[in-house]
Amino acid sequence: MSAALSRRSVLAAGSGLLVSIALPGSQVWADEPPLPGSLKETPLLDAWIRVGPDGAITAFTGKTELGQGLKTALIQIVAEQLDVAPARIGLVTADTARTPNEGFTAGSHSMQDSGTALLNAAAQTRLLLLDAAAAALGVAAETLTVVDGVVHAQGGATRDYGSLAAALSLHVRAQPTGGLKDPASYRVMGASMPRIDIPGKVTGGAAFIQDMRLPGMLHARAVRQPSTGAVLLRADTEAVGRLPGVVKVMREGSYLAVVAAKEWQAIKAMRALAASAEWRESATLPEQSQAPALIRSLPARDIPVLTWSNPAAPAVQRISARYTRPYQMHGAIGPSCALGAYLNIFAIESFVDELAAAAGADPVDFRLRHLTDERARDVIRLAADRFGWDTKAPREPDRGRGFAFARYKNLGAYCAVALNLSVEHETGQIRLGRVVAAVDSGQPINPDGIRNQIEGAMVQAASWTLYEEVRFDRRHITSTDWSGYPVLRFPAAPDSVEVHVLPRPGQPFLGTGEAGQGPMAAAIANALRDATGARVRDLPLSAERVKAAIGV
Amino acid sequence: MMKLTVNGREHAVDAEPDTPLLYVLRDDLGLNGAKFGCGLGQCGACTVIVDGEAVFSCLTPIATLAGRAVTTIEGLGSAQAPGPVQRAFIEEQAAQCGYCIAGMVMRAQALLTRTARPSEQQIRDAMNPNLCRCGTQMRILAAVRRAAGMVPEKAAAR
Amino acid sequence: MSIRPRRVAGIAAVVVIGAALAAYAVAWQPAIAPIEPPARAAFPAADIAGGAELAALGDCAVCHTVPNGPPYAGGRGVPTPFGTVHATNITPDPDTGIGRWSLPAFRRAMRDGVDRAGRNLYPVLPYPHFIHATEADIAAIYAFLMTRRPVQREDRANDLRFPFNARPLLAGWNLLFLRSGEWRPDPVRSPEWNRGAYLVEAIGHCGACHTPHNFLGAEQSGATLAGGEAEGWYAPPLGSAPPASRPWSADQLATYLRTGLEQGHGAAAGPMTAVTRQLATVPEEDVRALAVYIASLMPSPAPFDAANPGAASPGSANPGAAVSSGVHPVIDPEAIFDGACGACHGADAPMTLGGAPSLTLSTAVRAPTARNAVAMILYGLPWREGHTGPYMPAFAGALTDGQIAALADYLRARYTALPPWPDVEAAIQQAKRQGGGT
């Protein structure tokens with residue numbers, strides 16, 4: 001087929017079409033290329049976009065807003081590609097009755113999956129609307145422009161989306177490509193539109209499942225087992241069942257819970273139930289300090305992810321290292337997010353620094369020397385430049401700088417982190433100073449949203465890296481509240497954090513939500529080494545561990 | 001029946017006197033801003049203001065509130081007309097999941113009412129009772145500085 | 001006739017002034033020549049390491065560091081009945097610290113309370129205890145301090161009322177109260193006991209808080225470790241019956257000293273928080289030695305009625321009744337306890353299963369004064385960045401003074417069979433004047 005084929009005939013072709021396109025230097029495929037993003041699983045346009053008779057746009061996503069700015073970003077995408085003001089767009093998120101099934105909102109996939117689907121669905125919807133307008137106005141579609149949902153012909157005639165959509169079916173299959181606007185013309189995508197969910201969150205608006213209220217709703221509390229596999233022997237369910245407001249006490253095997261009319265009644269009943277409960281405990285946990293050794297001794301299977309060899313000259317020096325981290329917990333206050341590939345990047349990027357040191361090379365130069373991906377190199381150079389990375393800068397005692405880079409899961413966003421820190425010699429306490437990151441997320445939809453995510457990722461990872469480990473004795477987890485699982489609080493937050501977004505107009509969206517954690521962890525460990533000479537490979541980099549490493 | 005004054009209005013509440021304020025706010029008065037995070041006074045998601053002091057509403061039984069003024073986030077402003085501290089949080093886009101934010105705003109409000117131009121260390125120490133697991137601390141600090149009318153750019157090194 | 005009182009007064013004045021001058025003349029010390037700050041290489045590594053442990057046992061960093069400040073650089077104000085004394089900069093900074101102090105100069109400060117320039121130091125520095133330390137230990141502490149990070153920080157002037165701001169008078173104080181002599185072990189006791197005794201008396205200076213002081217601020221001889229106070233906190237007796245509900249075993253004391261919490265007694269609060277944090281860094285056998293020694297000093301308390309821990313003593317208020325405080329609306333302390341305290345301190349609370357002791361066993365609730373209990377209600381136990389450890393929220397803003405008083409009375413009546421505290425309101429006011437935090 002030639003490129004001169006009209007949009008209408010391609011779009012109207014439907015699912016049975018066999019397409020054979022010869023592109024320079026590529027293979028000829030007998031089948032249709034896959035649809036982009038989640039269109040693959042949900043190919044019909046009206047699963048994603050509906051246009052109401054009043055011109056109001058409804059967009060649908062199977063993903064959910066967690067505070068990562070998803071709703072705003074998706075609205076920006078639809079607004080840009082449809083040429084409609086953002087205020088005109090209502091976005092329905094994660095509704096089993098109404099939205100596409102896009103699985104979990106996790107793993108930093110929302111923009112790559114849902115964003116890409118909406119990008120294309122909105123663009124193709126716009127094409128269909130333009131074609132309908134062209135037919136109605138008797139002009140060529142190429143001569144039309146759209147301003148906020150109103151199609152304008154050069155002569156001055158107009159048609160609004162609402163009236164056009166009434167005669168148009170969007171119940172058609174999306175195409176692999178077509179209709180995307182030129183990134184150079186973007187006015188909404190790539191702008192830092194304020195997030196639509198923030199005003200409600202800052203003024204007490206209902207935003208969480210905990211805020212749902214249903215008629216006749218009751219409150220429940222469960223009594224947790226004191227240790228793994230504990231068996232409930234007895235509990236005073238009778239007496240607790242008679243406490244004020246208690247509707248039901250549930251006991252099924254070792255599961256124990258109480259339902260009451262009011263929340264405080266449920267809590268008091270739960271406490272009384274817990275006090276009366278007797279358990280047979282048999283858990284045997286390892287000695288906490290021996291846990292890494294124990295895990296290593298368990299049966300295991302190695303699964304090669306990538307095997308690559310490039311025989312070079314015989315080794316001048318062999319280096320090996322082992323990195324460990326303890327059990328850590330999400331410890332969420334509200335919604336939770338995933339821990340990401342944090343340990344892997346901590347290990348890899350610490351080791352890269354060890355290699356650089358063995359080679360007598362600057363850590364930034366060493367990385368640049370060994371990376372061929374230009375986007376990786378650009379992000380590294382940007383972070384180093386904005387930080388003011390200077391190998392020759394004089395060292396002050398107990399102060400150091402560190403650098404790390406990763407591409408999230410090797411398919412997400414590129415992120416490089418440079419930071420400085422100081423170490424209090426008497427206690428081993430690390431104090432984070434200035435943190436600078438550079439990130440390439442492909443075509444940025446909301447740059448401030450990207451910055452917010454990366455800032456958050458780095459502060460979150462600072463907590464994991466400096467403090468977090470689940471404590472346990474030989475029978476129980478002893479980290480049962482924040483006093484047994486300390487996390488980063490305001491006094492320990494870095495002096496400053498800045499994030500620089502490296503825009504790639506028109507490039508696919510890259511998952512960003514968890515791109516900052518891994519590099520942050522390694523940057524801290526690398527800066528610790530720079531400050532003190534001590535290379536610590538076991539997380540967390542607690543004050544005790546650092547003090548033991550640096551000595552008196 | 002207990003009488004409570006919340007955001008300037010008197011309410012008659014049918015709850016036992018030992019009921020912590022948090023559950024009365026949320027379940028009896030429909031004020032969902034204050035959140036349950038731990039119930040132990042360790043995370044601050046439940047923070048409200050009583051007679052000008054920031055308190056953990058999960059540990060403040062309503063028996064202690066006779067004749068005292070309770071202010072919640074709903075009393076500082078609305079999404080259409082946010083109060084000064086709320087506006088600062090919006091301008092700094094100081095939220096991710098937002099679960100901690102109502103508590104943060106109330107803690108900040110209490111600080112700024114007491115100390116008009118706090119130092120960086122004073123802000124950090126005052127906000128210490130409140131936890132954020134998403135890592136939004138830097139923006140929250142920037143919002144507090146902005147609400148105090150201080151330079152909104154970089155924080156001074158401590 | 002009228003001449004005699006004036007003549008007596010005149011003679012008395014001459015005698016007193018003469019005695020003071022004589023004391024000063026006897027006690028006057030010259031300046032010791034400054035030295036070049038020694039390099040780290042001048043000290044054996046073992047001395048530095050040993051000195052680090054002794055400095056932790058002696059809590060040097062606790063007084064000589066301002067909160068959030070550089071370690072050992074001084075600046076912290078220590079309140080005394082005579083005013084506030086500010087700890088000095090003991091980093092090896094040559095100009096503002098002790099960088100130019102020789103070992104003899106350091107030794108003289110630690111034993112005699114005289115600085116390099118010959119000035120008397122206030123016995124807030126517990127040199128009356130350090131005077132008993134061994135030569136080797138003084139030298140090790142010196143090696144440790146001289147190898148710390150030097151920090152430039154001028155010493156802050158003390159804030160003492162006349163005549164206590166006159167340092168030469170301290171020479172007289174020393175003549176009256178300073179007992180010299182290296183500590184000697186007791187041959188009938190175990191090496192561990194002797195180690196503990198030495199650490200308590202010569203290094204840890206427990207008596208500086210846990211011994212009653214006379215009106216001139218010296219520890220009362222004959223009342224060693226019979227109980228005292230520190231910065232507004234009640235320091236229970238160690239050398240006689242403590243208020244604890246059950247005796248302290250050496251194991252329990254060791255746990256308390258190293259972790260700041262013991263399930264059968266309570267959490268370290270006030271100045272003890274800092275002490276236990278230091279002891280967490282010290283070899284376990286030394287903490288064990290301290291515990292063995294202190295446990296040996298404590299006799300068993302009166303039999304504790306474990307079956308009825310909350311028994312009200314005759315004549316005390318029914319703990320379940322609401323208390324009318326007269327001016328304020330009726331206060332319901334049981335409701336306050338259930339709603340504010342029960343999450344952690346209730347009989348059925350997760351904390352008591354996991355760690356927080358029942359208040360029946362609390363030393364603070366059983367103490368003869370309400371001071372520690374109300375201070376803990378007001379200020380709680382603070383977070384310690386990055387470390388596990390006991391934490392308690394502060395209730396200073398949440399509860400009114402009247403509510404705290406009612407709650408304190410309720411705790412005393414519910415959890416002990418002891419007489420009500422006589423000083424609850426005064427303790428609240430004093431604690432609020434003193435402020436929170438350690």
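Residues numbered from 1 in each chain as written. Chains lettered and ligands numbered in written order. Predicted model: local features only at pLDDT ≥ 70, side-chain atom pairs only at ≥ 80, totals over all residues.

Colleague: Requested: an account of the overall build of chain A, with residues and values cited.
Modeller: When helices and strands are tallied, chain A shows 14 helices and 15 strands. In chain A, which comprises 552 residues, the proportion classed as buried is 44%. (Helix = DSSP H or I, 4+ residues; strand = E, 2+ residues; numbered from the N terminus. Buried ≥ 20, exposed ≤ 12 C-beta atoms within 10 Å, placed from the backbone.)

Colleague: Now, about the overall build of chain B: what can you tell me, with residues and values included?
Modeller: Across its full length, chain B carries 5 helices and 5 strands. Tracing chain B from N to C terminus, the helices and strands come up as β-β-α-β-β-β-α-α-α-α. Taken over the C-alpha trace, chain B has a radius of gyration of 15 Å; the compact-globule value for 158 residues is 15 Å, and the two agree within 12%. Structurally, chain B occupies a C-alpha span of about 50 × 30 × 25 Å along its principal axes. Here chain B, with 158 residues, has 65% of them falling under the buried criterion. Across chain B, contacts joining residues at least 24 apart in sequence account for 59% of those joining residues at least 6 apart. (Rg over C-alpha atoms; globule rule 2.2 N^0.38 Å. Contact = placed C-beta atoms within 7 Å.)

Colleague: Could you give me a rundown of the interface of chain B and chain C, with the residues and numbers involved?
Modeller: Counting from both sides, the interface comprises 21 residues of chain B and, opposite them, 16 residues of chain C. For the side of chain B that touches chain C, the leading source of residues is strand 4 (residues 53–56) of chain B, giving 4 residues. Residue composition of the side of chain B that touches chain C, grouped by class: 11 nonpolar, 8 polar and 2 charged. (Nonpolar A, V, L, I, M, F, W, Y, C, P; charged D, E, K, R; others polar.)

Colleague: So, the domain arrangement of chain A: which residues are in play, and what are the values?
Modeller: For interface size, the figure often reported is the accessible area lost on association. The domain boundaries assigned to chain A delineate domain 1 (7–192), domain 2 (209–223 + 231–280) and domain 3 (288–294 + 317–550). Between the C-alpha centres of domain 2 of chain A and domain 3 of chain A there is a distance of 43 Å. (Domains from an automatic or database assignment.)

Colleague: Report on the confidence of the model for chain B, specifying residues and quantitative values.
Modeller: Residues and elements named next belong to chain B. When the pLDDT values of chain B are averaged, the result is 94; 95% of them are 70 or greater. Within the model, the stretch residues 152–158 combines pLDDT values under 50 with 13 contacts to residues more than four positions away or in other chains. The complex prediction reports pTM at 0.91, with the ipTM value standing at 0.95. (pLDDT = per-residue confidence, 0-100.)

Colleague: Describe unusual backbone geometry, listing the residues and the values that go with them.
Modeller: That bond from Leu539 of chain A to Pro540 of chain A is cis: its omega, -5°, falls within 30 degrees of zero. Its location among the elements puts Pro540 of chain A in the loop between helix 13 (517–532) and helix 14 (543–550). With omega at 0°, the peptide bond leading from Phe162 of chain C into Pro163 of chain C counts as cis. For Pro163 of chain C, the location among the structural elements is in the loop between strand 3 (159–160) and helix 7 (169–177). In the Ramachandran plot, Asn7 of chain B falls in the positive-phi region, its phi being about 50° despite a non-glycine side chain. A positive phi angle is found at Asp59 of chain C, which is not glycine, with a value near 60°. Tracing the sequence through the fold places Asp59 of chain C in the loop between helix 2 (45–57) and helix 3 (60–63). The buried category is assigned to Asp59 of chain C, around which 20 C-beta atoms lie within 10 Å.

Colleague: Lay out the sheet that holds strand 2 (residues 9–13) of chain B with the relevant residues and their values.
Modeller: All names here are of chain B. Reading across from one edge, 2-1-5-3-4 is the order of the 5 strands in this open sheet, with mixed pairing throughout. With one partner strand each, in any of the chains shown, strand 2 and strand 4 form the two edges of the open sheet. Across the sheet, the axes of successive neighbouring strands diverge by a mean angle of 40°, strand direction being ignored. Note that strand 3 (residues 47–50) and strand 5 (residues 69–71) share 2 bridges and pair antiparallel. Bridge assignment links Ile49 to a residue of strand 5, and that residue is Thr71. Across the sheet, helix 3 (residues 101–114) touches strand 3 and strand 4, and the angle it forms with strand 3 is around 35°. (Pairing = 2+ DSSP bridges. Axes fitted to C-alpha atoms, helices over the stretch in contact; angles between N-to-C directions.)

Colleague: Describe the sheet that holds strand 3 (residues 89–93) of chain A, and please don't skip the residues or the numbers.
Modeller: All names here are of chain A. One open sheet accounts for 3 strands, arranged 1-2-3; its pairing is mixed. Two strands bound the open sheet, and with one partner strand each, they are strand 1 (49–51) and strand 3. Averaged over all pairs of adjacent strands, the angle between their axes in this sheet comes to 20°, without regard to strand direction. Looking at chain direction, strand 2 (residues 57–61) and strand 3 are connected through 5 bridges and run parallel. Bridge pairing in strand 3 places Phe60 opposite Val92.

Colleague: Tell me what's going on with the nonpolar core, and back it up with residues and numbers.
Modeller: Counting 308 residues, the largest nonpolar core has Leu273, Ala383, Cys415, Val417, Ala437 and Val439 of chain A together with Val374 of chain C as its most contacted members. For this core, the leading source of residues is helix 3 (residues 110–137) of chain A, giving 14 residues. Residues contacting Leu273 of chain A, with those up to four places away along its chain left out, are Val223, Ala235, Val240, Val249, Leu256 and Val258 of chain A. (Core = buried A, V, L, I, M, F, W, Y, C linked by C-beta atoms within 7 Å.)

Colleague: Tell me about the environment of Ser289 of chain A, residues and numbers included.
Modeller: Its location among the elements puts Ser289 of chain A in the loop between strand 11 (278–280) and helix 8 (291–297). Spatially, the C-alpha atom of Ser289 of chain A lies 9.9 Å from that of Phe472 of chain A, the residues being 183 residues apart in sequence.

Colleague: Give a description of the packing of helix 13 (residues 333–345) of chain C against helix 17 (residues 401–415) of chain C that names residues and reports values.
Modeller: Residue and element names in this part refer to chain C. Packing of helix 13 against helix 17 leaves a shortest axis separation of 9 Å and a crossing angle of 90°. Between helix 13 and helix 17, the angle falls in the class roughly perpendicular. Mapping the contact onto sequence places Pro333, Glu334, Ile336 and Phe337 in helix 13 and Gln403, Ala406, Leu407 and Tyr410 in helix 17. Taken together, the residues that form the contact of helix 13 with helix 17 break down as 6 nonpolar, 1 polar and 1 charged. (Parallel < 35°, antiparallel > 145°, perpendicular 65-115°, else oblique.)

Colleague: An account of the domain arrangement of chain B is needed here, citing residue identities and associated values.
Modeller: Residue and element names in this part refer to chain B. The domain boundaries assigned to chain B delineate domain 1 (2–75) and domain 2 (84–147). Centre-to-centre separation of domain 1 and domain 2, based on C-alpha positions: 20 Å. If you look at the interface, domain 1 gives 14 residues, while domain 2 gives 13 residues. Elements with a minimum of two residues in the side of domain 1 that touches domain 2: strand 3 and strand 4. Broken down by element, the residue count for the side of domain 1 that touches domain 2 peaks at 3 residues, all from strand 3.

Colleague: Report on helix 2 (residues 70–82) of chain A, specifying residues and quantitative values.
Modeller: Residue and element names in this part refer to chain A. Taking 1.5 Å per residue as the helical rise, helix 2 with its 13 residues ought to reach 18 Å, and the 18 Å between its terminal C-alpha atoms agrees with that figure. Within helix 2, 13 of the 13 residues are buried, leaving the element largely enclosed by the surrounding structure. Following helix 2 by one or two positions, Asp83 adopts a phi angle in the positive range, close to 60°. (Expected span 1.5 Å × (residues − 1).)

Colleague: Quick rundown of the packing of helix 2 (residues 84–91) of chain B against helix 3 of chain B? Include the residues and the values.
Modeller: All names here are of chain B. The N-to-C vectors of helix 2 and helix 3 enclose an angle of 125°; their axes lie 10 Å apart at closest approach. Between helix 2 and helix 3, the angle is such that the two are oblique. Considering how the two elements wind past one another, helix 2 and helix 3 form a crossing that is right-handed. The segment helix 2 lies against helix 3, with Val85, Gln86 and Phe89 engaging Ile101, Val105, Ala108, Gln109 and Leu112. (Left-handed = near helix turned anticlockwise from the far one by under 90°.)

Colleague: So what about the environment of Gly98 of chain B? Which residues, and what values?
Modeller: Note that Gly98 of chain B resides in the loop between helix 2 and helix 3. Overall, the presence of 27 C-beta atoms within 10 Å leaves Gly98 of chain B in the buried class. Gly98 of chain B sits 59 residues away from Gly39 of chain B along the chain, and the two C-alpha atoms are 18 Å apart. Sequence-distant contacts of Gly98 of chain B, defined by excluding residues within four places in its chain, comprise Gly67, Lys201 and Ala207 of chain A.

Colleague: Give a description of helix 18 (residues 424–434) of chain C that names residues and reports values.
Modeller: Residues and elements named next belong to chain C. The complete set of buried residues in helix 18 reads Val424, Ala427, Ile428 and Ala431. Angular distribution of buried residues about the axis of helix 18 spans 100°; they occupy a single face of the element. Buried residues along helix 18 sit against helix 16 (371–379) and helix 17. Taken from the residues just after helix 18, Gly435 is the one with a positive phi, measuring 85°. (Arc of directions from axis to C-beta.)

Colleague: Residue-level account of the confidence of the model for chain A, with values.
Modeller: This prediction gives chain A a mean pLDDT of 90; 93% of its residues lie at or above 70. Across residues 1–30 of chain A, where pLDDT falls below 50, the model places 16 contacts with residues more than four positions away in sequence or in other chains.

Colleague: So what about the pairing of strand 3 of chain B? Which residues, and what values?
Modeller: All names here are of chain B. The alternating pattern of strand 3 places Thr47 and Ile49 and Val48 and Val50 on opposite faces, both of which are buried. Where strand 3 and strand 4 come together, 4 bridges link them in antiparallel fashion. For Val50, the partnering residue across the bridge sits in strand 4 and is Glu53. The antiparallel hairpin formed by strand 3 and strand 4 contains 2 residues in its connecting segment, where Asp51 sits at a positive phi of about 50°.

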